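Coordinate analysis (summary)
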Amino acid sequence: KFQDDTLIVCLCEVASKADWSQQPGESVTSFLWALGTLQRTSTATTSLQAKPLLKSLLGRAEELAEGLRLRHVVLALTGVAKVSALAEELGVAKRLRRVSSALASRASDLVDCLDPQDLGLVAWALASLKVDGRGEVLQRIT
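Residues numbered from 1 in each chain as written. Predicted model: local features only at pLDDT ≥ 70, side-chain atom pairs only at ≥ 80, totals over all residues. Heavy atoms only, no water.

**A few points about the nonpolar core**
- Counting residues in each nonpolar core, the largest one holds 42 residues, and the members touching the most others are Leu 54 and Leu 77.
- Elements represented by at least two residues in this core include exactly α1 (2-16), α2 (25-39), α3 (44-64), α4 (70-90), α5 (93-110) and α6 (116-129).
- Beyond its immediate stretch of four places on either side in the chain, Leu 77 contacts Leu 103, Ala 104, Ala 107, Val 122, Ala 125, Leu 126 and Leu 129. (Core = buried A, V, L, I, M, F, W, Y, C linked by side-chain atoms within 4.5 Å. Buried < 20%, exposed > 50% of the residue type's maximum accessible area, 1.4 Å probe, protein only. Helix = DSSP H or I, 4+ residues; strand = E, 2+ residues; numbered from the N terminus. Contact = heavy atoms within 4.5 Å.)

**Points about the state of the cysteines**
- The full count for this structure, using the stated rule, is zero disulfides.
- The thiol of Cys 10 is not disulfide-bonded; the next cysteine sulfur, from Cys 12, is found 9.4 Å away.
- Cys 12 sits in the buried class, given a relative accessible area of 9%. (Disulfide = S-S within 2.5 Å.)

Quick look at the structure:
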């Protein structure tokens, strides 16, 4: 647990130096996924340190969602699903819902291009996030 807390603190320090409004989809989705993966075992203190980063990442992911490439849509959706409880806890749930909807819309455009593993990840993320309209996307997957 200590190691994960240290990693989150380091991640937040590095990310605080970035201008997220200028970062490409690859960077945004990779950081979202990393934050989601690391925060699952973090303490309340490190979670609070992640709030500014989470807000920036969610906002930028929403801006970029429509043009994200396939791999980045999968990374972003799984990352957003992993940070959903943290977003609720930190008061950024509205932003999370907006980006979830934008990513679900983009995933719907790409369903026919997803391999079996990515199909499973997208289905899991959409179901976990309870995104409005997820039924249509999930039906296209089956």
